Amino acid sequence: MPIRVLPDTLINQIAAGEVVERPAAVVKELVENSIDAGATRIEVAVEQGGLGAIVVRDDGHGIPPAEIALALTRHATSKIGSLDDLERVGTLGFRGEALPSILSVSRLSLSSRTRGEAHGWRVAGDGALPATGPEPAAHLPGTTIEVRDLFFNTPARRKFLRSESTEFRHLDTAIRRIALARFDVAFRLTHGTRGVFDLPAASDGRGRDARVARVTDPAFLDNALRIDEERLGLRLHGWIALPSFSRAQADLQYLYVNGRAVRDKLLSHALRRAYADALHGSRYPAYVLYLEMDPARIDVNVHPAKTEVRFRDSAMVHDFLFGAIHQALRRVRPEPATHHQVNLEPGATAVAESRQSGFGYAAAPRVGSQLLAAPMAWRPEPTPATPQPLGRALAQLNGIFILAQNELGLVLVDMHAAHERVLYERMKQQLAAGDMPSQQLLVPVSVTVREDEADQAENAQSRLRALGIEIERAGLTTVRVRAVPPLLAGGDVATLVSGLLGAAAEQDSRQHFSEVREAQERVLADMACRAAVRAGRQLTLAEMDGLLRDMEHTDLAGQCNHGRPTWVQFRHDELDRLFLRGR
Ligand code: ADP
Ligand code: MG
């Protein structure tokens, strides 16, 4: 085939491959255009999950009739005019690609009216602009774009679409994502005849909270810390869930950079790291976060879908995000005040309910007819007034729990989980300070392993020494452990070794410092779990008090290393109510 210039429609269809891969992407582009047009209300109506029709109507500034055809032409935009503009883009769009791409793969109609116009204008085309210009049409000030039969002329693309319900789910998510970026804009979504959501514009904190609850999960804010940090021209604000409110999927993660929802490896890595200490590897943190900075410090022109960004100083952004979240999570300490209540009808079901207060939030699981106490409320600063928020130990229950009494009432501590957290934090500090203690075993322990594991042990020797572990090769499939951290000296060294070798191999394959640290911390977590008091072990009151004091001085003491709560508070009035006293 000779070289030739492709026809416009084909060029647009090729671009459409990147810009509009599915109905959700069409909706995203259209809603973003409405926002760029200054709309205060955006209504989206779809049919058949967006496969049948997508209609987006806004009350924005509209398009003058003379520019309507241009709006549907490739590389035509009102948003930038020079390279300089591109370097500090303030709008969501700027490539002039979305409308022509969508038109090239659908039956599209655009109606619009500017404030100055007496009526609206409309143009419609199947896959391409018609030869004739726009015609007068009834329309309120603003713009309506109707997209029918998406990919009707590109059957190969249509084949990649999923069921109506799946496509609708993506589309719904796309609008929710935008709705959390612009609280000042009202959004409505309908699917066929069904109203899916109608979000009024929110001008105050209460309205914003209501929207967050509506869009994410009603319990999210009750379990979240508010963040607002500013440093070096970077600002981070929003909410992060406590580790105990983790999710099985990454479905409650909203991250915006200058009002743009982004998917960014660097930022997700920083967040994952910040939660790593407190979250089991298979759980996902929940957050709604806004990162703001001078637009000149970001390149948004990375991908046609504009969901990726490039930072001019990426290491600084990573460290800022990591530091802000990490610190906020670590400041969460026991607070001598709870905010949950037990509602107990005489002789009937008791349900603990959570209430919020300041930074402290607590959530209570609602479980059938059982009485469950909420984990105690948390606050970001240790409270100076009360030196012993967790009180004094009274007894040990079933070898699992410590019962303690504080000013507020009864405290119940999960002994193993709490001890594990205390040990883990202590070992991490020792590791960071470079003085991980090590104790020679009286009798070195030989362990039989696979040959490749023995190789790993041999290779990882120096790295393991930093963790207080001395291990050497004793034969083809034997390793010998000579020293371990004192905490583990009395424990089962043989089972420790197998866990270690996996983690050691992982350390080896990691180059980046933070990844090595991550693998090391997993070894520490594993050691802490092994060294923590086992269920059934009898503790003296003094030992129990010692653990309570340690918890009070430990970062993240409220959760075990897997994000479960380590202790709960039952307040006097709750106990009273259990016994119907004082009524
Ligand atoms: P971009 O958003 O990158 O500029 P688009 O193809 O999405 O490119 O839109 C082209 C142009 O059409 C925009 O620059 C804008 O001027 C105009 N436009 C699109 N949608 C709207 C709308 N809802 N209201 C007003 N103007 C719009
Ligand atoms: Mg656009």
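Cut-off values and rules
- Residues numbered from 1 in each chain as written.
- Chains lettered and ligands numbered in written order.
- Predicted model: local features only at pLDDT ≥ 70, side-chain atom pairs only at ≥ 80, totals over all residues.
- Heavy atoms only, no water.
- Core = buried A, V, L, I, M, F, W, Y, C linked by side-chain atoms within 4.5 Å.
- Buried < 20%, exposed > 50% of the residue type's maximum accessible area, 1.4 Å probe, protein only.
- Helix = DSSP H or I, 4+ residues; strand = E, 2+ residues; numbered from the N terminus.
- Expected span 1.5 Å × (residues − 1).
- Arc of directions from axis to C-beta.
- Contact = heavy atoms within 4.5 Å.
- Axes fitted to C-alpha atoms, helices over the stretch in contact; angles between N-to-C directions.
- Parallel < 35°, antiparallel > 145°, perpendicular 65-115°, else oblique.
- Left-handed = near helix turned anticlockwise from the far one by under 90°.
- Nonpolar A, V, L, I, M, F, W, Y, C, P; charged D, E, K, R; others polar.
- Pairing = 2+ DSSP bridges.
- Polar contact = N/O pair within 3.5 Å; in protein donor to acceptor, adjacent residues only side chain to side chain.
- pLDDT = per-residue confidence, 0-100.
- Salt bridge = Lys/Arg side-chain N within 4 Å of Asp/Glu carboxyl O.
- Near = heavy atom within 4 Å.
- Areas by Shrake-Rupley, 256 points an atom, 1.4 Å probe, with all protein chains shown as cover.
- Patch = residues over 30% accessible without salt bridge, like charges linked within 9 Å, V, L, I, M, F, W, Y side chains within 5 Å.

Regarding the nonpolar core
Argument step 1. Core analysis: the biggest nonpolar cluster contains 65 residues, and Phe187 and Phe220 have the highest contact counts within it.
Argument step 2. The next biggest cluster of nonpolar side chains, apart from the first, holds 35 residues, and it includes Ile227, Leu255, Leu289 and Val309.

Points about helix α1 (residues 8–19)
Three or four residues apart is the spacing at which side chains of an α-helix point the same way, because the helix has 3.6 residues per turn.
Argument step 1. Here α1 contains 12 residues, and its C-alpha end-to-end distance of 16 Å stays within 8% of the 16 Å for a straight helix at 1.5 Å per residue.
Argument step 2. Burial in α1 covers these residues: Asn12, Ala15, Ala16 and Val19. Relative to the axis of α1, the buried residues are bounded by an arc of 115° and lie together on one face.
Argument step 3. Buried residues along α1 sit against α2 (23–36), α5 (98–104) and α6 (155–159).

What about the packing of α2 against helix α7 (residues 164–179)?
Argument step 1. With their axes 8 Å apart at the nearest point, α2 and α7 run at an angle of 25° to one another. Taken as axis vectors, α2 and α7 run roughly parallel relative to one another. Crossing geometry of α2 relative to α7 is assigned as right-handed. Where α2 approaches α7, its residues Pro23, Ala24, Val27, Lys28, Val31, Glu32 and Ile35 are matched on the opposing element by Glu167, His170, Leu171, Ala174, Ile175 and Ile178.
Argument step 2. Its residues placed into classes, the contact of α2 with α7 shows 9 nonpolar, 1 polar and 3 charged.

Things to note about the pairing of strand β9 (residues 224–231)
Argument step 1. The pairing of β9 with strand β10 (residues 234–241) spans 8 bridges and is antiparallel. Bridge pairing links isoleucine 227 to glycine 238 in β10.
Argument step 2. Linking β9 back to β10 in an antiparallel pair, the connection comprises 2 residues, with leucine 232 at a positive phi of about 50°.

Points about the environment of arginine 115
Argument step 1. Here arginine 115 shows up in the loop between β3 (107–113) and β4 (120–126).
Argument step 2. Judged by relative accessible area, which is 55%, arginine 115 ranks as exposed.
Argument step 3. A C-alpha to C-alpha distance of 9.6 Å links arginine 115 and isoleucine 63, two positions 52 residues apart in sequence.
Argument step 4. Not counting residues up to four positions away in its chain, the partners in contact with arginine 115 are Asp59, Gly60, His61 and Pro141.
Argument step 5. A polar side-chain atom of arginine 115 sits 2.7 Å from the main-chain carbonyl oxygen of aspartate 59.

Re the confidence of the model for the protein chain
Argument step 1. Mean pLDDT for the protein chain: 84, with 87% of residues reaching 70 or above.
Argument step 2. pLDDT under 50 marks residues 336–355. Its contacts with residues more than four places away, or in other chains, come to 68 contacts.
Argument step 3. Confidence drops under pLDDT 50 across residues 357–385; counting only partners more than four residues distant or on other chains, this segment forms 86 contacts.

Details of the packing of helix α11 (residues 415–433) against helix α16 (residues 541–552)
Relative orientation and spacing of two packed helices are given, respectively, by the angle between their axes and the distance between those axes.
Argument step 1. Running from N to C, α11 and α16 cross one another at 55°; their axes reach a closest spacing of 10 Å. Between α11 and α16, the angle falls in the class oblique. As α11 packs across α16, the resulting crossing turns out to be left-handed. Residue-level inspection shows Met415, Ala418, His419, Val422 and Arg426 of α11 in contact with α16, the latter providing Leu547, Asp550 and Met551.
Argument step 2. Among the residues forming the contact of α11 with α16, the class breakdown is 5 nonpolar, 1 polar and 2 charged.

What about the pattern of salt bridges?
Any two side chains of opposite charge can pair, so long as their charged atoms come close to each other.
Argument step 1. All chains considered together, the criterion is met by 42 salt bridges.
Argument step 2. The residue glutamate 146 makes a salt bridge to arginine 148 at a minimum N-O spacing of 3.0 Å.
Argument step 3. On the basis of relative accessible area, glutamate 146 is assigned to the partly exposed category, the value being 26%.
Argument step 4. Judged by its relative accessible area of 32%, arginine 148 falls in the partly exposed class.

Here we look at the sheet that holds strand β23 (residues 439–448)
Argument step 1. Spatial ordering of the open sheet is given by β23-β25-β24, a layout of 3 strands whose pairing is antiparallel. Lying at the two open borders of the sheet, with one neighbouring strand each, are β23 and β24 (470–475). Averaged over all pairs of adjacent strands, the angle between strand axes in this sheet comes to 20°, irrespective of strand direction.
Argument step 2. Two strands pair when backbone bridges link them, and β24 and strand β25 (residues 478–484) are joined in this way by 5 bridges, in the antiparallel orientation. Looking at β25, one finds that glycine 475 is bridged to threonine 478.
Argument step 3. Sheet strands in contact with helix α12 (residues 451–459) are β24 and β25, and its direction is about 140° off that of β24.

What about the sheet that holds strand β7 (residues 186–191)?
Argument step 1. On the basis of which strands lie adjacent, the open sheet formed by 8 strands has the order β5-β4-β3-β6-β2-β1-β7-β8 and mixed pairing. In the strand order of this sheet, the two ends are held by β5 (135–137) and β8 (194–199), each with one partner. Sheet twist, expressed as the average angle between the axes of neighbouring strands with direction ignored, equals 15°.
Argument step 2. As paired elements, β7 and β8 share 5 bridges and run antiparallel to each other. Within β8, the position partnered with threonine 190 by the bridge is glycine 195.

Structural notes on the site of ligand 1
Argument step 1. Taken together, 21 residues surround ligand 1, and among them Asn33, Thr77, Ser78, Lys79 and Gly96 come closest.
Argument step 2. Taking alanine 98, its main chain carries an N or O atom lying 3.3 Å from an oxygen atom of ligand 1.
Argument step 3. Protein chains shield 95% of the accessible area of ligand 1, which is 530 Å² for the free molecule.
Argument step 4. Mapped onto the shell around ligand 1, the elements with two or more residues apiece are α2 and α5.
Argument step 5. Classifying every residue of the shell around ligand 1 gives 8 nonpolar, 9 polar and 4 charged.

Quick word on a nonpolar patch on the surface
Argument step 1. There is a patch of nonpolar side chains on the surface, built from Leu6, Leu10 and Ile14 and spanning about 240 Å² of accessible area.
Argument step 2. Relative to the elements of secondary structure, isoleucine 14 occurs in helix α1.
Argument step 3. With relative accessibility at 51%, the residue isoleucine 14 sits in the exposed group.

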